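# Examining the three-dimensional arrangement
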Amino acid sequence: MAVYVMSDLHGNYDGFMSVLKKINLTFDDYLFINGDVVDRGVDGIKILQYMMMQPNIYPIMGNHEYALMKVLDFVSQELTKESLETVSVEDMQNVFEYQNIGGQVTLNAFHRLTREEQQDIMEYLKEFTPYEEISVNGKDFVIVHAGLANFTKERKLDDYQLFELLFEAPDYETVYYKDKYLVTGHVPTRAIEGAKPDEIYFANNHIAIDCGSGFGGRVGCIRLDDFKCFYSK
Ligand SMILES: [Mn+2]
């Protein structure tokens, strides 16, 4: 049994599959997907459909899933004269914002699904958790997509609002918890000062695992048991 974490797949189905092959994931293992499965790359929906069939894959929400959920209720409804008349400015704005972060490819794929497949995707997105905590080999980990906005040491994880966990990059110079590692994605390591581009970055009890799959980089994966890193390509 081993515990793995990946994040920021961004529609890179082939990269995802190549890492699964490398780690030889079995049903005894746990795999946490730390957000941003969809958008930018074209195969986000295909990855979600794969994930939902795997009982040992645990999804954590990223800002892209959050944005997708906001638009799906709106775009999946049947267009009627009445529904067109009641389109709100907010609904339209959510769609434009989602397109701006690379969501159009995901919406295109969503529209090609049957009604039933669409429902399955919408139901599955509701299973994404805001964060996970896990102990492996005597080490403790907090797995969260972006960071801990408005952090204080006293604040409990349950007290963070969802938006505080999904959007704001963590401060990699700060040790948040002396006795826990913070495993995050969201910021490609090529954009982190002092990190090697597209390699998993370790510093100050941070483990940053977004290896830039959404920007021509690769999918990164860490095994928490021994900190061994795996990469696509
Ligand atoms: Mn993100």
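As a reminder, the structure under discussion sits directly above these lines.
The rules behind each value
Residues numbered from 1 in each chain as written. Predicted model: local features only at pLDDT ≥ 70, side-chain atom pairs only at ≥ 80, totals over all residues. Heavy atoms only, no water. Core = buried A, V, L, I, M, F, W, Y, C linked by side-chain atoms within 4.5 Å. Buried < 20%, exposed > 50% of the residue type's maximum accessible area, 1.4 Å probe, protein only. Contact = heavy atoms within 4.5 Å. Helix = DSSP H or I, 4+ residues; strand = E, 2+ residues; numbered from the N terminus. Arc of directions from axis to C-beta. Pairing = 2+ DSSP bridges. Axes fitted to C-alpha atoms, helices over the stretch in contact; angles between N-to-C directions. Expected span 1.5 Å × (residues − 1). Donors = N, O, S within 2.8 Å, 3.2 Å for Na, K, Ca; no water. Phe/Tyr/Trp six-rings, centres within 6.5 Å; stacked < 30°, edge-to-face > 60°. Salt bridge = Lys/Arg side-chain N within 4 Å of Asp/Glu carboxyl O.

With that out of the way, let us pick up the nonpolar core. With 50 residues, the main nonpolar core has M6, F16, I33, V37, L48, M51 and L72 as its most contacted residues. Leaving out residues up to four positions away in the same chain, I33 has contacts with M6, L9, F16, M51, I57, Y58, P59 and I60. In terms of nonpolar packing, the next biggest core, distinct from the first, is built from 16 residues, V3, F141, I207 and Y231 among them.

This part covers helix 2 (residues 44-51). Inspection of helix 2 places G44, I45, I47, L48 and M51 among the buried residues, and these make up the whole buried set. For helix 2, the arc enclosing every buried residue in end-on projection is 160°, short of the 170-degree limit, so these residues lie on one face. On its buried face, helix 2 is in contact with helix 1 (13-23), strand 2 (30-34), strand 3 (57-60), helix 6 (104-111) and helix 7 (115-125).

Turning our attention to the sheet that holds strand 1 (residues 3-6). As summarised here, the arrangement of the five strands in space is 3-2-1-9-10, forming an open sheet in which the pairing is mixed. The sheet terminates laterally at strand 3 and strand 10 (228-231), the two strands that pair on one side only. Here the strands of the sheet are splayed against their neighbours by 20° on average, with no regard to which way each runs. Pairing of strand 1 with strand 9 (residues 220-223) involves three bridges; the strand directions are antiparallel.

Given 3.6 residues to a turn, an α-helix orients residues that are three or four positions apart in the same direction. Helix length check: helix 3 (residues 63-75), at 13 residues, gives a terminal C-alpha distance of 18 Å against a target of 18 Å (1.5 Å per residue), a fit within 8%. Buried within helix 3 are the following residues: N63, H64, E65, A67, L68, V71, L72, F74 and V75. Those residues of helix 3 hidden inside the fold are in contact with strand 3, helix 5 (89-100), helix 6, helix 7 and helix 8 (162-166).

Only D36 (OD), N63 (OD1), H145 (NE2) and H186 (ND1) from the protein coordinate the manganese ion, and they sit 2.1 to 2.2 Å from it. Linear spacing of the donor residues for the manganese ion on their chain is D-x26-N-x81-H-x40-H. One end of the pair, H145, is in the loop between strand 5 (139-143) and helix 8; the other, H186, is in the loop between strand 6 (180-184) and strand 7 (201-203), with 41 residues separating them in the sequence.

Next up on the list: the packing of aromatic side chains. Inspection of the entire model under this criterion finds 13 aromatic pairs. Measuring from ring centre to ring centre gives 5.4 Å for Y124 and F128, while their planes differ by 80°; the resulting arrangement is edge-to-face. The class of Y124 is buried, set by a relative accessible area of 4%. Taken together, the aromatic side chains of F141, Y181, F202 and F227 make up a single cluster linked through ring pairs.

In total, this model carries five salt bridges according to the counting rule given. The salt bridge involving D198 is made with R190; its shortest N-O contact spans 3.0 Å. Taking relative accessible area as the criterion, D198 reaches 14% and is therefore assigned buried. Among the residues examined, R190 registers a relative accessible area of 38% and is labelled partly exposed.

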